[in-house]
Amino acid sequence: MKDSKQKKLSKKEKKLAKKLKKKEKKVEKKLRKLDASKKAKKRKRSSSSSSSPSSSSSGPPAAAPAPARGADAGAEARAPAVVEPSRESVGLRLLGDVYAVGKPSSELRWEYPLRDEVRRCFAGVLRPRLPQGTLRRLEELAREGAAWHQPKRPRTGELLPRKTDWMTAEGCRCAYRYGGVEVGPTEFPGWMAEVMETVMPLCGIRGQGRWPNCCNLNLYEDGGMSVGWHADDEELFQGKVGDCPIISFSLGHTRTFELQVLGAQGDGEQPLRIPLHSGDVLTMEGLVQKHYQHRVPREKAQGARINFTWRWIRQHQARCPLGRK
Ligand SMILES: O=C(O)CCC(=O)C(=O)O
Ligand SMILES: [Fe+2]
């Protein structure tokens, strides 16, 4: 008798909790909308009362040491405010948070120089200070082991200003097509596992079954080599329609990685600048490929830099055996 009463009560409680959660979500959504429109109005007012661009303090915190302008600051005033469903509502967990679970706070710390909750766009950086010997070994493996080549733009015959290789996990034959260039796949070589074993646990990704299934490699032989503004928004990764985690790892000479919100070009808005040193890990998470662009510009750098950009292929091409399954 007592048992069945309790059961009834807990059923009721569950129902009530569900209702409350639903209401909470509705209120949260309304608040986010209100906040976005308030911000937009405020910026409109401040930009019309002052001729110099405001150095807004409401943007995301800067990545040390370069000061970063808020990537979401100002953008709402220019473009209609974009409000994506919240991180909580879609269940997006940041890799830096997953990594930190169960770790003492004295451990390595992920920083998130881009936290654009409104657009659900995040960029994280971890500087794990790997031993010099490890860095040298991984750099040598990639330098010697990748099939570096410099693709040409088919329309102009112009060489891309970097060397590259495109690797996919066993069984995948997807090519990487961007800007009219097509790079055929090389299967992950044995040494790739060594690099991933070093980097993936730092992103909270344990077990090979969870590893990314492709990697774009870039070799910038000196500061004259670069990659221009772009988003990794190819169909393969489905980054325009859903959360798309991308993990990048740098080896060799320090270069600057820049991020800016789409539509910010040409209006004097400074991009977010993140220096990437040898051994640094950078992530782009959520909808960054939908709302932002990134680049590694030319700069006065002497030495070479190698970059690994890991992603998950979500939609295999028809030519790929995994796409026909
Ligand atoms: O070199 C980098 O850090 C960026 C590379 C990149 O954006 C890409 O491969 O899509
Ligand atoms: Fe990219």
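Remember, predicted model here, so these are calculated numbers, not experimental data. (Residues numbered from 1 in each chain as written. Chains lettered and ligands numbered in written order. Predicted model: local features only at pLDDT ≥ 70, side-chain atom pairs only at ≥ 80, totals over all residues. Heavy atoms only, no water.)

### Some words on the site of ligand 1
Okay, step 1: As a structural note, the neighbourhood of ligand 1 is formed by Asn 216, Asn 218, Tyr 220, His 230, Asp 232, Phe 257, His 294, Val 296, Arg 305, Asn 307, Thr 309 and Arg 311.
Okay, step 2: For ligand 1, an oxygen atom lies 3.2 Å from a polar atom in the side chain of Asp 232.
Okay, step 3: One nitrogen or oxygen atom from the side chain of Arg 311 is found 3.0 Å from an oxygen atom belonging to ligand 1.
Okay, step 4: For the shell around ligand 1, the element with the highest residue contribution is strand E14 (residues 305-311), accounting for four residues.
Okay, step 5: The class makeup of the residues in the shell around ligand 1 is three nonpolar, six polar and three charged. (Near = heavy atom within 4 Å. Polar contact = N/O pair within 3.5 Å; in protein donor to acceptor, adjacent residues only side chain to side chain. Helix = DSSP H or I, 4+ residues; strand = E, 2+ residues; numbered from the N terminus. Nonpolar A, V, L, I, M, F, W, Y, C, P; charged D, E, K, R; others polar.)

### Details of the environment of Phe 188
Okay, step 1: Relative to the helices and strands, Phe 188 resides in the loop between strand E6 (186-187) and helix H6 (190-199).
Okay, step 2: Linking Phe 188 and Thr 168, residues 20 residues apart in sequence, is a C-alpha distance of 5.6 Å.
Okay, step 3: What Phe 188 contacts, discounting residues up to four positions off in sequence, is Met 167, Thr 168, Ala 169, Met 196, Pro 212, Asn 213, Cys 214 and Cys 215. (Contact = heavy atoms within 4.5 Å.)

### Focus on the side chain of Ser 248
Okay, step 1: Mapping Ser 248 onto the fold places it in strand E9 (residues 246-252).
Okay, step 2: Here Asn 307 takes part through its side chain, which lies 3.4 Å from a polar atom of the side chain of Ser 248.
Okay, step 3: Those residues within four positions of Ser 248 in sequence are excluded, and the remaining contacts are Asp 280, Val 281, Leu 282, Asn 307, Phe 308 and Thr 309.

### Quick look at the coordination of the iron ion (ligand 2)
Okay, step 1: Distances from the iron ion (ligand 2) to its protein donors, His 230 (NE2), Asp 232 (OD) and His 294 (NE2), fall within 2.1 to 2.2 Å.
Okay, step 2: For the iron ion (ligand 2), the donor residues sit on a single chain with the sequence spacing H-x1-D-x61-H. In this pair, His 230 sits in strand E8 (residues 227-230) while His 294 sits in strand E13 (residues 292-296), placing the two residues 64 residues apart along the sequence.
Okay, step 3: Since its relative accessible area comes to 4%, His 294 is described here as buried. (Donors = N, O, S within 2.8 Å, 3.2 Å for Na, K, Ca; no water. Buried < 20%, exposed > 50% of the residue type's maximum accessible area, 1.4 Å probe, protein only.)

### Remarks on the sheet that holds strand E11 (residues 272-276)
Okay, step 1: One open sheet accounts for four strands, arranged E8-E13-E10-E11; its pairing is antiparallel. With partners counted over all chains shown, the strands left at the sheet margins are E8 and E11, one partner each. Adjacent strand axes in the sheet meet at a mean angle of 15° when their direction is disregarded.
Okay, step 2: Two elements, strand E10 (residues 255-261) and E11, share five bridges in a ladder whose sense is antiparallel. (Pairing = 2+ DSSP bridges. Axes fitted to C-alpha atoms, helices over the stretch in contact; angles between N-to-C directions.)

### Section: H6
Okay, step 1: Every buried residue of H6 is accounted for by Trp 191, Met 192, Val 195, Met 196 and Val 199. Summarising the axial view, the buried residues of H6 lie within an arc of 145°, below the 170-degree limit, and thus occupy one face.
Okay, step 2: For H6, the elements touching its buried residues are helix H5 (132-145), strand E3 (163-168), strand E7 (214-220), E9, strand E12 (281-286) and E14. (Arc of directions from axis to C-beta.)

### Some points on the nonpolar core
Okay, step 1: With 39 residues, the main nonpolar core has Ile 247, Phe 249, Phe 308 and Trp 310 as its most contacted residues.
Okay, step 2: For this core, the secondary structure elements donating two or more residues are helix H4 (95-100), strand E2 (121-126), H5, H6, E7, E9 and E14.
Okay, step 3: It is H6 that contributes the most residues to this core, five residues altogether.
Okay, step 4: Here Trp 310 is in contact with Met 192, Val 195, Met 196, Val 199, Met 200, Pro 212, Cys 214, Cys 215, Pro 245, Ile 246, Ile 247 and Phe 249, once residues within four sequence places are set aside. (Core = buried A, V, L, I, M, F, W, Y, C linked by side-chain atoms within 4.5 Å.)

### Quick look at the packing of aromatic side chains
Okay, step 1: For the coordinates displayed, the defined rule picks out nine aromatic pairs.
Okay, step 2: Aromatic pair Tyr 176 and Tyr 178: ring centres 4.7 Å apart, planes at 55°, arrangement tilted. Tyr 178 matches Tyr 176 in its accessibility class, with the two residues each being buried.
Okay, step 3: Measuring from ring centre to ring centre gives 5.3 Å for Phe 308 and Trp 310, while their planes differ by 20°; the resulting arrangement is stacked.
Okay, step 4: Overall, the relative accessible area of 0% leaves Trp 310 in the buried class. (Phe/Tyr/Trp six-rings, centres within 6.5 Å; stacked < 30°, edge-to-face > 60°.)

### As for the sheet that holds strand E1 (residues 111-116)
Okay, step 1: Pairing within the open sheet is mixed, and its eight strands lie in the order E1-E2-E12-E9-E14-E7-E3-E6. Of all the strands in the sheet, just E1 and E6 have a single pairing partner and so form its edges.
Okay, step 2: Bridge count between E3 and E7: six bridges; the pairing is antiparallel. When the sheet's bridge partners are listed, Met 167 is paired in E7 with Cys 215.
Okay, step 3: Contacts between H5 and the sheet are confined to E7, E9 and E14, with E9 contributing the most and set at about 100° to the helix.

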